[in-house]
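Take a look at the letters that make up each chain.
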Amino acid sequence: MAYDAEVFEKVIERLSRMAAPQYRARPIAEDTELYRDLGIYGDEIVDLIWWLNKEFGVQTNVDPFIYAPREFPFFGVLRTIRRALGRETRYKSLKVRDILLAIEAKRWPDAT
């Protein structure tokens, strides 16, 4: 699917700044997953939803924590322990493509 190049670049630029430091050098494409590939979670994913509303008019009636965990101390340690025990929490995928579709529709596809 073809997306507006200007919108795509704005989104990529924003996500590049929001990505966890260890992921910032990775290229961002339509299939890039925000939490798993860029380490965006907690306050950053909430900020992203508000930015999408302000910048593009996307409705904010979505729970950001279906896509990534909340912000809390020692998240990395807890995640490593849960992964080692085989109990890693699964979050719904949120890819760059999903954000672009939400911008186009002005709403989240799975919002109630």
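Provided above is the structure to which this section pertains.
In short, a report on the structure.

Section: the packing of helix α1 (residues 5–18) against helix α3 (residues 43–56)
Alright, step 1. At a minimum axis separation of 11 Å, α1 and α3 run at an interaxial angle of 155°. What the angle tells us is that α1 and α3 run roughly antiparallel. Two packed elements cross with a definite hand, and for α1 against α3 that hand is right-handed. Counted together, V7, K10, V11, R14, L15 and M18 of α1 and E44, D47, L48, W51, E55 and F56 of α3 form the full contact between these two elements.
Alright, step 2. Taken together, the residues of the contact of α1 with α3 sort by class into seven nonpolar, no polar and five charged.

Observations regarding α3
Alright, step 1. Given a rise of 1.5 Å per residue, 14 residues ought to cover 20 Å, and the 20 Å separating the end C-alpha atoms of α3 matches this to within 8%.
Alright, step 2. The secondary structure elements touched by the buried residues of α3 are α1, α2 (34–38) and α5 (96–105).
Alright, step 3. Phi turns positive one or two residues past the end of α3, at G57, with a value near 80°.

Observations regarding the nonpolar core
Buried together is how nonpolar side chains tend to be arranged in soluble globular proteins.
Alright, step 1. Core analysis: the largest hydrophobic core is formed by 32 residues, its most contacted members being V11, L15, L52, V96, I99 and W108.
Alright, step 2. Beyond its immediate sequence surroundings of up to four residues, I99 is in contact with V11, L15, L34, L48, L52, L94 and W108.

Things to note about the packing of aromatic side chains
Alright, step 1. For the coordinates displayed, the defined rule picks out four aromatic pairs.
Alright, step 2. Measuring from centroid to centroid gives 5.6 Å for Y35 and Y91, while their planes differ by 80°, and the two rings are edge-to-face. Of this pair, Y35 sits in helix α2 while Y91 is found in the loop between α4 (75–84) and α5, placing the two residues 56 residues apart along the sequence. As far as the burial class goes, Y35 and Y91 line up, both buried.
Alright, step 3. When the ring of Y67 is compared with that of W108, the centres are 6.2 Å apart and the planes differ by 40°; the resulting orientation is tilted. Placement of the pair is Y67 in the loop between α3 and α4 and W108 in the segment after α5, with a sequence separation of 41 residues.
Alright, step 4. The class of Y67 is buried, set by a relative accessible area of 4%.
Alright, step 5. The exposure class of W108 is buried, given its relative accessible area of 1%.
Alright, step 6. Through successive ring pairs, a cluster of aromatic residues spans Y35, Y41 and Y91.

About the criteria used
- Residues numbered from 1 in each chain as written.
- Predicted model: local features only at pLDDT ≥ 70, side-chain atom pairs only at ≥ 80, totals over all residues.
- Heavy atoms only, no water.
- Axes fitted to C-alpha atoms, helices over the stretch in contact; angles between N-to-C directions.
- Helix = DSSP H or I, 4+ residues; strand = E, 2+ residues; numbered from the N terminus.
- Parallel < 35°, antiparallel > 145°, perpendicular 65-115°, else oblique.
- Left-handed = near helix turned anticlockwise from the far one by under 90°.
- Contact = heavy atoms within 4.5 Å.
- Nonpolar A, V, L, I, M, F, W, Y, C, P; charged D, E, K, R; others polar.
- Expected span 1.5 Å × (residues − 1).
- Core = buried A, V, L, I, M, F, W, Y, C linked by side-chain atoms within 4.5 Å.
- Buried < 20%, exposed > 50% of the residue type's maximum accessible area, 1.4 Å probe, protein only.
- Phe/Tyr/Trp six-rings, centres within 6.5 Å; stacked < 30°, edge-to-face > 60°.

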